[in-house]
Amino acid sequence: MVYTFSQSCWASCYEEAVCCLCSPLNVCLASGDLHKRDFHHCINQWGHFLIAFPQAFDIVLESLEDQQEDVQAAILERRNFITQELQWHASFIQECDLDPTAETTQHSVTAKYVNFLLATASGNQDMVHLEIPTPAEKLKIAAHVLSAITPCVRVSATLAKLIKPLTRRNKRPRRFNMSIDRCSSDEFEALTVQTERLLDWLSNSLTDEERKVLGEVYHQAMKLEVEFFYSRLSVPTKLIPVSLLHNREECLLLFSVFDFACTAVDSLQGLEQMT
């Protein structure tokens, strides 16, 4: 199978994706036990991500040359999709009777990603620093911005699809279902795929070395996503898997604190099966 650039980047972030899935936030969300405070925190902080996306696009659009109209149009289309997502986010907060002013300040982890994204858009990020960008380098910056945004939407779409089937078995507050349904929807998947295609298109004109740097931007953004999912949880969770990637092409081993839910005999049997 031949992977596109975005598919290769996503595959290289397999370990980070597993960490996101097994985070206390997503385990509690999947079980329906996520504390209301943590849910509000997650939704409000995700709003800061959505606000930063068009800001980064605007910086790129302002720097692109007039002759780069095709790239401008493609980025403007992505920006419009993000604007629609912001509108949904605002209506979701209102419908769930959440306080939009409760967390106007960015969490330190959220701020770390936002600063990373905006620095990338400005060409001031360490791995892509450019003094006076040429037209070709401005296209490169556009690719870097897409590489910093793409993993955020891809991980949201993927996790929502994995968590959604569990709604059949767990009674979950309606506000949880609404957020999961949104991120697992065909509309959100279309947003994600089109963002990935734009990243693939922009990467085509780059050299192998430049694509390597582009992949590093993607990976760094994914690492910041992991930090986001682990940034806050009010109530300790009893069963949180710890992943051990051993011969990743063959299997994924997940270890849990069995004694919280199993007898000593069950725990020993479970460990024997994994070894």
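These numbers come from a predicted model, not from an experiment. (Residues numbered from 1 in each chain as written. Predicted model: local features only at pLDDT ≥ 70, side-chain atom pairs only at ≥ 80, totals over all residues. Heavy atoms only, no water.)

Caption draft 1: Up close: the overall build of the protein chain. A tally of helices and strands in the protein chain yields 11 helices and 2 strands. Put simply, the protein chain runs from its N terminus to its C terminus through helices and strands in the order α-α-α-α-α-α-α-α-α-α-β-β-α. Residue burial in the protein chain is summarised as follows: out of 275 residues, 45% are buried. Put simply, 78% of the contacts in the protein chain that link residues at least 6 apart link residues at least 24 apart. As presented, the protein chain carries roughly 14300 Å² of accessible surface, and 53% of it is formed by carbon and sulfur atoms. (Helix = DSSP H or I, 4+ residues; strand = E, 2+ residues; numbered from the N terminus. Buried < 20%, exposed > 50% of the residue type's maximum accessible area, 1.4 Å probe, protein only. Contact = heavy atoms within 4.5 Å. Areas by Shrake-Rupley, 256 points an atom, 1.4 Å probe, with all protein chains shown as cover.)

Caption draft 2: Structural context of the nonpolar core. Grouped together as the largest cluster of nonpolar side chains are 70 residues, with contacts concentrated most on Phe53, Val60, Ile75, Tyr113, Leu117 and Val145. Take this core: its biggest share by element is 14 residues, from helix 7 (residues 135-163). Here Tyr113 is in contact with Phe49, Phe53, Ala148, Ile149, Cys152, Ala221 and Leu224, once residues within four sequence places are set aside. (Core = buried A, V, L, I, M, F, W, Y, C linked by side-chain atoms within 4.5 Å.)

Caption draft 3: Quick peek at the environment of Ala73. Within the secondary structure, Ala73 sits in helix 5 (residues 69-95). With 12 residues separating them along the chain, Ala73 and Leu61 place their C-alpha atoms 9.2 Å apart.

Caption draft 4: Fine view of the confidence of the model for the protein chain. Across the protein chain, the average pLDDT comes to 80, with 75% of residues at or above 70. At the low end of the mean pLDDT range in the protein chain sits helix 11 (residues 264-274), at 42; at the high end sits helix 1 (residues 5-12), at 96. pLDDT under 50 marks residues 241-247. Its contacts with residues more than four places away, or in other chains, come to 21 contacts. Confidence drops under pLDDT 50 across residues 257-275; counting only partners more than four residues distant or on other chains, this segment forms 15 contacts. (pLDDT = per-residue confidence, 0-100.)

Caption draft 5: The arrangement of the packing of aromatic side chains in detail. Tallying each qualifying case throughout the model produces 9 aromatic pairs. With centroids separated by 6.4 Å and ring planes inclined at 50°, the aromatic side chains of Tyr113 and Phe116 adopt a geometry described as tilted. In this pair, Tyr113 and Phe116 are both assigned in helix 6 (residues 108-121), 3 residues apart and thus about one turn of the helix distant. Judged by its relative accessible area of 0%, Tyr113 falls in the buried class. With relative accessibility at 7%, the residue Phe116 sits in the buried group. (Phe/Tyr/Trp six-rings, centres within 6.5 Å; stacked < 30°, edge-to-face > 60°.)

Caption draft 6: Molecular detail of the pattern of salt bridges. Applying the stated criterion across every chain yields a total of 10 salt bridges. A salt bridge links Glu85 to Arg182, with the shortest nitrogen-to-oxygen separation between them at 2.8 Å. Of this pair, Glu85 sits in helix 5 while Arg182 sits in helix 8 (residues 174-183); the two residues are 97 residues apart in sequence, bridging distant segments of the chain. The residues Glu85 and Arg182 share a single accessibility class, namely buried. (Salt bridge = Lys/Arg side-chain N within 4 Å of Asp/Glu carboxyl O.)

Caption draft 7: Structural view of helix 5. Along its 27 residues, helix 5 runs 39 Å from first to last C-alpha, staying within 8% of the 39 Å computed at 1.5 Å per residue. Burial in helix 5 covers these residues: Val71, Ala74, Ile75, Arg78, Ile82, Glu85, His89, Phe92 and Ile93. In the core, the buried residues of helix 5 are packed alongside helix 4 (36-63), helix 7, helix 8 and helix 9 (186-203). Taken from the residues just after helix 5, Asp97 is the one with a positive phi, measuring 60°. (Expected span 1.5 Å × (residues − 1).)

Caption draft 8: Structural detail: the state of the cysteines. Throughout the structure, instances matching the rule amount to 0 disulfides. Cysteine Cys42 is unpaired, with the sulfur of Cys183 as its nearest cysteine sulfur at 9.0 Å. (Disulfide = S-S within 2.5 Å.)

Caption draft 9: Inspection of empty space enclosed by the protein at higher detail. Inspection of every chain in the model, using the stated rule, returns 3 cavities of 30 Å³ or more. Taken as a whole, the largest cavity holds about 400 Å³ of empty space. Lining of the largest cavity is provided by 23 residues; of these, Leu29, Cys42, Ser156, Ser179 and Cys183 occupy positions nearest its centre. At the level of secondary structure, the elements contributing two or more residues to the lining of the largest cavity comprise helix 3 (24-31), helix 4, helix 5, helix 7, helix 8 and helix 10 (208-229). (1 Å grid on protein atoms, 1.4 Å probe; cavity = no way out; pocket = protein on both sides within 12 Å on 5 of 7 lines; lining within 4 Å. Points joined across faces, edges and corners; volume = space filled by probe spheres on them.)

Caption draft 10: Looking closely at the environment of Leu25. Examined against the element boundaries, Leu25 turns out to sit in helix 3. Judged by relative accessible area, Leu25 falls into the buried class, the value being 6%.

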